[in-house]
Amino acid sequence: MIVTLTMNPSVDRTATLPGPLTVGGVNRIASVDDAPGGKGVNVTRVLAAGGVPTTAVFPAPTGDPFVAMCRDADIPVTVVPATTGVRVNLTVTDPDGTTTKLNEPGATPAPAALDALGDTLDELAGRARWMVLCGSLPRGVPDDFYADLVVRLRSTGARVAVDTSDAPLAALASHLPAAAPDLVKPNGEELGQLAGVDGVELERRAANGYLDPIIATATGLRERGLGTALITLGGAGAVLVDDDEVWHARSGPVRVRSTVGAGDSSLAGYLLAESHGLPPRERLAWAVAHGATAASLDGTGLPLGLDPTGVEVTLTRLDRSPQPHTDEGRP
């Protein structure tokens, strides 16, 4: 089983505009769609559609409409009772695929809810192949919450994956190697947050086809104890750095409609391939196929039941140890 944790679940409300967003003006909405969201919830939804046993763990009142929304969408859930309802996140999408997000903060969980959450995760980890910790942390939860959980869950024998950003990600890095997960899925900016370097510059160079800084940064983190790094780079594809190899993959041309859920779909694609026993390069191909398909869908569109072999993906094996370089003549 693959267990996902979403500490900050949300109703993902997507407003689709017929034209570009006008900041400070009146914008007409063509359509509105509500879907159960949160990074771990998205991952579980894709895994379940792919036939993998999974459950999405999150805090919520048992009668919250979000819980019913998940079950109506055939998302297996394990609800840890909480007193405050699930937040609503608004995403505004333009016809050209530009995405603007307005996210509510999550409610502060009570100490009893955090204790119950830890007990639930301990119980599930005893029969899980992967424990996947996803997304932001609500107010009042310490930044090192995920770092502490990685240490706690690694002792159960389950593998641990982390997909987060900002302060929780920096806290994870500060606790290496003790809190090193088996898998991380940052984008370029988040890779910089892990390593304490300029992630925006890493993304810019990757977009111009210059991947050496991405590889060098991920390799440096692995030397600090980090496990496999699956680095998603939007239109530049994704890079996988593991024990033996470095691979880069890109999809064929994609008309981007919404990037919401694309990174979550990439992580789910990787885990699906791993559950089928496929080698790392095929896991990367599945990750890119799922992420690209998600980006081509409206709103929080997820690639449910996707046959990734039908998606055009180009794989390239890269040098694990890029040679020293100067910036002269580089993008």
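Placed above this text is the structure.
Residues numbered from 1 in each chain as written. Predicted model: local features only at pLDDT ≥ 70, side-chain atom pairs only at ≥ 80, totals over all residues. Heavy atoms only, no water.

Got a minute to help me understand the packing of aromatic side chains in this structure?
Each aromatic ring pair is characterised by the separation of its centres together with the angle its planes make. Tallied over the entire structure, the rule returns 2 aromatic pairs. A centroid spacing of 5.1 Å and a plane angle of 80° characterise the contact between Phe58 and Phe66, whose relative ring orientation is edge-to-face. Accessibility assignment for this pair places Phe58 and Phe66 in one class, buried. Between the aromatic rings of Phe145 and Tyr146, the centroid separation amounts to 6.0 Å while the plane-to-plane angle is 55°, which identifies the pairing as tilted. (Phe/Tyr/Trp six-rings, centres within 6.5 Å; stacked < 30°, edge-to-face > 60°. Buried < 20%, exposed > 50% of the residue type's maximum accessible area, 1.4 Å probe, protein only.)

Any chance you could explain the sheet that holds strand E10 (residues 183-184) here in plain terms?
Within a sheet, adjacent strands bond to each other through the backbone by hydrogen bonds, running parallel or antiparallel. Judged by pairing direction, the sheet is mixed, and its 10 strands sit side by side in the order E5-E4-E1-E8-E9-E10-E11-E12-E13-E14 without closing on themselves. Of all the strands in the sheet, just strand E5 (77-81) and strand E14 (313-318) have a single pairing partner and so form its edges. Packing of helix H10 (residues 280-295) onto the sheet brings it into contact with strand E11 (228-232), strand E12 (238-241), strand E13 (246-251) and E14, and relative to E13 it is tilted by some 30°. (Pairing = 2+ DSSP bridges. Helix = DSSP H or I, 4+ residues; strand = E, 2+ residues; numbered from the N terminus. Contact = heavy atoms within 4.5 Å. Axes fitted to C-alpha atoms, helices over the stretch in contact; angles between N-to-C directions.)

What should I look at first to understand helix H3 (residues 111-125) in this one?
The first and last C-alpha atoms of H3 sit 21 Å apart over 15 residues, in line with the 21 Å expected at 1.5 Å per residue. Along H3, the positions that sit buried rather than exposed are Ala113, Leu117, Gly118, Leu121, Leu124 and Ala125. Down the axis of H3, the sector holding all buried residues measures 140°, keeping them to one side. Among the exposed residues of H3, those oriented more than 90 degrees off its buried face are Pro111, Ala112, Asp115 and Asp119. In this structure, the buried side of H3 is in contact with strand E1 (2-6), strand E4 (54-60), E5, strand E8 (130-134) and helix H4 (145-154). (Expected span 1.5 Å × (residues − 1). Arc of directions from axis to C-beta.)

Could you clarify how one ought to interpret helix H7 (residues 199-207) in this entry?
Working note: α-helix, 3.6 residues per turn, so residues spaced by three or four point in the same direction. Considered for burial, the residues of H7 that qualify are Gly199, Leu202, Arg205 and Ala206. One face of H7 carries all of its buried residues, which in axial projection span an arc of 120°. Across from the buried face of H7, at angles greater than 90 degrees, the exposed residues are Val200 and Ala207. Structurally, H7 contributes buried residues whose contacts are with helix H6 (188-195) and helix H8 (212-223). Its side-chain oxygen placed 3.1 Å from the backbone nitrogen of Val200, Asp198 serves as the N-cap of H7. (Polar contact = N/O pair within 3.5 Å; in protein donor to acceptor, adjacent residues only side chain to side chain.)

Teacher, can you tell me more about the pattern of salt bridges here?
Any two side chains of opposite charge can pair if their charged atoms end up close together. Within the structure shown, the criterion is met by 12 salt bridges. Linked through salt bridges whose partners overlap, the residues forming this network are Lys39, Asp163 and Asp264. (Salt bridge = Lys/Arg side-chain N within 4 Å of Asp/Glu carboxyl O.)

So what exactly am I meant to see when it comes to the environment of Leu153 here?
Checked against the element boundaries, Leu153 lands in helix H4. Sequence spacing of Leu153 and Leu191 is 38 residues, and the spatial spacing of their C-alpha atoms is 23 Å. Leu153 has contacts with Leu121, Asp122, Ala125, Met131, Leu133, Ala158 and Val160, leaving out every residue within four places of it along the chain.

Help me out: how do you make sense of the environment of Leu117 in this one?
With respect to the element layout, Leu117 can be found in helix H3. In this structure Leu117 comes out as buried when scored by relative accessible area, which is 3%. Taking C-alpha positions, Leu117 is 35 Å from Ile214, a pair spaced 97 residues apart along the chain. If sequence neighbours within four positions are ignored, Leu117 has contacts with Leu5, Met7, Val57, Val80 and Phe145.

Help me understand the packing of helix H9 (residues 262-275) against H10 in this model?
Orientation of H9 relative to H10, taken along the N-to-C sense of each, is 145°, at an axis distance of 7 Å. Along this stretch, H9 crosses H10, giving a crossing that reads as right-handed. The segment H9 lies against H10, with Ala262, Ser265, Ser266, Gly269, Tyr270, Leu272, Ala273 and Glu274 engaging Glu282, Arg283, Leu284, Trp286, Ala287, His290, Gly291, Ala294 and Ala295. Its residues assigned to classes, the contact of H9 with H10 shows 9 nonpolar, 5 polar and 3 charged. (Left-handed = near helix turned anticlockwise from the far one by under 90°. Nonpolar A, V, L, I, M, F, W, Y, C, P; charged D, E, K, R; others polar.)

Just to check I follow, could you spell out the sheet that holds strand E6 (residues 87-93) for this structure?
With mixed pairing, 4 strands are arranged side by side in an open sheet as E3-E2-E6-E7. The strands lining the two open edges of the sheet, one partner per strand, are strand E3 (31-37) and strand E7 (99-103). For this sheet the average axis-to-axis angle between neighbouring strands, irrespective of direction, equals 20°. Of the strand pairs in this sheet, strand E2 (residues 10-16) and E3 are connected by 7 bridges, and their pairing is antiparallel. Across the sheet, Thr14 pairs through a bridge with Asp33, a residue of E3.

Can you help me understand the pairing of E7 in this one?
Two faces belong to every sheet, and in a regular strand the side chains alternate between them. Where E6 meets E7, 5 bridges bridge the pair, whose relative direction is antiparallel. Its bridge partner lying in E7, Val92 is registered against Thr100. Here E6 folds back onto E7 in antiparallel fashion, the turn holding 5 residues, of which Gly97 has a positive phi close to 95°.

Is there a simple way to explain the side chain of Asp163 in this structure?
Among the secondary structure elements, Asp163 is positioned in strand E9 (residues 159-163). Overall, Asp163 belongs to the buried group, its relative accessible area being 2%. Apart from residues lying up to four places away in sequence, Asp163 is in contact with Lys39, Leu133, Cys134, Gly135, Lys185, Glu190, Asp264 and Leu267.

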